[in-house]
Amino acid sequence: MFKGLRPIIYAGREVWPLIEGGKGVAVSNHASTGAWAAAGGIGTVSAVNADSYDPEGKIIPQVYRALTRRDRHEELVQYAIEGAVQQVKRAWEIAGGKGAININVLWEMAGAQRVLHGVLERTRGLVAGVTCGAGMPYKLSEIAASYGVNYLPIVSSGRAFNALWKRAYSKAAEWLAAVVYEDPWLAGGHNGLSNAEDPRQPQDPYPRVKALRETMRAGGVSEDVPIIMAGGVWHLRDWNDWIDNPELGAIAFQFGTRPLLTQESPISPEWKARLMELDDGDILLHRFSPTGFYSSAVRNPFLRNLEARSERQIAFSLEAAGDHQFKLDVGVKGKSFWVTLGDLHRAREWDGLGYTVALKTPDNTLVFVTPEEMKIIRKDQADCMGCLSQCGFSSWADTEGNSTGRLADPRSFCIQKTLQDIAHGGPIDQNLMFAGHAAYKFKQDPFYSNGFVPTVKQLVDRILTGD
């Protein structure tokens, strides 16, 4: 076993300070989570649109039959609750009383509070804690405490934790089991990069975690409450200086990317094979997500297409003004848009390449797409089921009026559609494939040589050696 790493007491039992990162939309499911807990760690069922099963054990497709977004949203919330409950119960059986089971939710998913209440009410005694990020989950502590469940907020800075602590968490301090520091430059999926931070200039996590601990101490948080380092964690030996470090206090480690490549991981064989081919730099930190957050994913043809779409973009004016003295004559039949001479030439060039439709964005720009792309974009926007509290792509908002008040953004995409598709065997090149920035290490790590795919138990045992 790796020196210095000792079990911790969590939810009344002894577990390894190793947490499986929750990966939404059917990726962190009962099989991987239950096995992680059975290996003595803390497994995490994703409660973000989890799968549910019919009596024969087959996955029930999440088909939306309602005609309005509001009614489809109600269907989505019911799918989410039922799926997460089933996943938790199955994970609990696999764990066999070992380790612990957490659930993970995104605060920015629509109906997050309803889903949390619905799942925790029906899984009493099974769920040890709730991890939650993607937004500022002020109500998390109150909801968790009402069910006697731990809460583990996900933050990317001491400043974010301080705001949560002062406004809400200090009132339910006894249920704060840990604080997850999710590195915004290294973690996969959505992350908390602020407008003041440069996505191209990663910061060393040590000073940021040290500052988080200082903030926690200043708030009176117990030294026994660990900070969970998430994002970029691969070999524990790389973090040797963090363990038993008085500046940082108690430390635990979250693994989000490595559990993707296990026997129990439900992702497709094609996805697993692709993970073993990645090189350093193949993960893109981008801002195409309809959440508005930065997120990290494999830079596959799906993401490259979104990058190219945004590059086919020009600013416009509705009247001739300044440099915008030239009337656009492609992509906008019967409408008057004024552009610069350079942009007029670019637009004509794109039109000649088949990008013959110009779509307005909320930022007074036009993006040029093919007629086929336009049909897909419009259909996906019309099919919206309200999966986010605020969606830039469809303009849905989980509010009384169900609208963000902004124009739907064709530079983004339907995140629910693509994550459901890739999680259930859809083409890996034509869907969003979340991964952390250390995913290239699958190719370099001798543990995975000759295409070896470990069981979760084998992976946890390997991690405990320091590798």
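Quick caveat, the model's predicted, so the values are computed rather than measured. Here the residue numbers are simple positions, counted from 1 along each chain's written sequence. Local features in a predicted model are, by the rule used here, given only for residues with pLDDT of at least 70; side-chain atom pairs are given and counted only at 80 or more, and totals for whole chains, interfaces and linings are based on all residues. In computing side-chain properties, one takes all heavy atoms of the structure into account and sets aside hydrogens as well as water.

## Comments concerning the sheet that holds strand β18 (residues 365-369)
Keep this limit in mind: Strand pairing requires that DSSP identify at least two bridges connecting the strands. Every helix listed is a DSSP run of H or I at least four residues long, and every strand listed is a run of E at least two residues long, numbered separately from the N terminus. Every angle, taken between N-to-C directions, lies between 0 and 180 degrees, and every axis is a line fitted to C-alpha atoms, over only the stretch in contact when it is a helix. The contact criterion used is simple: two residues touch if any of their non-hydrogen atoms lie within 4.5 Å.
Here three strands make up an open sheet; going across it, the order is β14-β18-β17 and the pairing antiparallel. Both edges of this open sheet fall to β14 (313-315) and β17 (357-360), since each of them pairs with a single strand only. For this sheet the average axis-to-axis angle between neighbouring strands, irrespective of direction, equals 30°. Sheet topology places β17 next to β18; four bridges connect them, and they run antiparallel. Along β18, the bridge assignment pairs Val357 with Val369. Of the strands in this sheet, β14 and β18 are in contact with helix α9 (residues 341-352), which crosses β14 at around 150°. Lying over the sheet, helix α10 (residues 371-382) contacts β17 and β18, oriented at roughly 30° with respect to β17.

## Focus: the pattern of salt bridges
Stated formally: We define a salt bridge as a side-chain nitrogen of Lys or Arg found within 4 Å of a carboxyl oxygen belonging to Asp or Glu. Accessibility here uses a 1.4 Å probe with only protein chains present; expressed as a share of the type maximum, an area under 20% marks a residue as buried, one over 50% as exposed, and anything in between as partly exposed.
Counted according to the given criterion, the structure contains 29 salt bridges. Linking Arg70 and Glu74 is a salt bridge whose minimum nitrogen-to-oxygen distance equals 3.5 Å. With Arg70 and Glu74 both in helix α2 (residues 69-95) and four residues apart, this pair spans about one turn of that helix. The exposure class assigned to Arg70 is partly exposed, which follows from its relative accessible area of 30%. The closest approach of N and O atoms between Arg411 and Asp363, which form a salt bridge, is 2.6 Å. In this pair, Arg411 is assigned in the loop between α10 and α11 (415-423) and Asp363 in the loop between β17 and β18, connecting sequence segments 48 residues apart. Classification of Asp363 by relative accessible area gives partly exposed; the value is 42%. One network of salt bridges, with partners in common, ties together Arg70, Glu74, Arg114 and Asp398.

## Details of the packing of aromatic side chains
To keep things clear, this is the line we draw: The criterion for an aromatic pair is that two Phe, Tyr or Trp rings (for Trp, the six-membered ring) have centres within 6.5 Å, with stacked assigned to planes under 30 degrees apart, edge-to-face to planes over 60 apart and tilted to the rest.
In this structure the tally under the stated criterion is 15 aromatic pairs. Taking the centre distance of 6.3 Å and the plane angle of 45° together, the rings of Trp36 and Phe255 count as tilted. Taken together, the residues span a long stretch of sequence, with Trp36 in helix α1 (residues 30-38) and Phe255 in strand β11 (residues 251-255) at a distance of 219 residues. You'll find Trp36 and Phe255 in the same group, each marked buried. With 5.4 Å between their ring centres and 75° between their planes, Phe447 and Phe452 make a pair best called edge-to-face.

## Some points on the packing of helix α5 (residues 158-167) against helix α6 (residues 205-218)
For clarity, the cut-off: Roughly parallel means an angle under 35 degrees; roughly antiparallel, over 145; roughly perpendicular, 65 to 115; everything else is oblique. The sense of a crossing depends on the near helix, which, turned anticlockwise from the far helix by less than a right angle, makes the crossing left-handed and, turned clockwise, makes it right-handed. Three categories are distinguished: nonpolar for Ala, Val, Leu, Ile, Met, Phe, Trp, Tyr, Cys and Pro, charged for Asp, Glu, Lys and Arg, and polar for the others, with Gly belonging to the last.
As a packed pair, α5 and α6 sit with axes 8 Å apart at the nearest point and diverge in direction by 20°. One element, α5, and the other, α6, form an angle in the roughly parallel class. As for how α5 packs across α6, the hand of that crossing is right-handed. The segment α5 lies against α6, with Gly158, Phe161 and Asn162 engaging Leu212, Thr215 and Met216. Counted by class, the contact of α5 with α6 contains three nonpolar, three polar and no charged residues.

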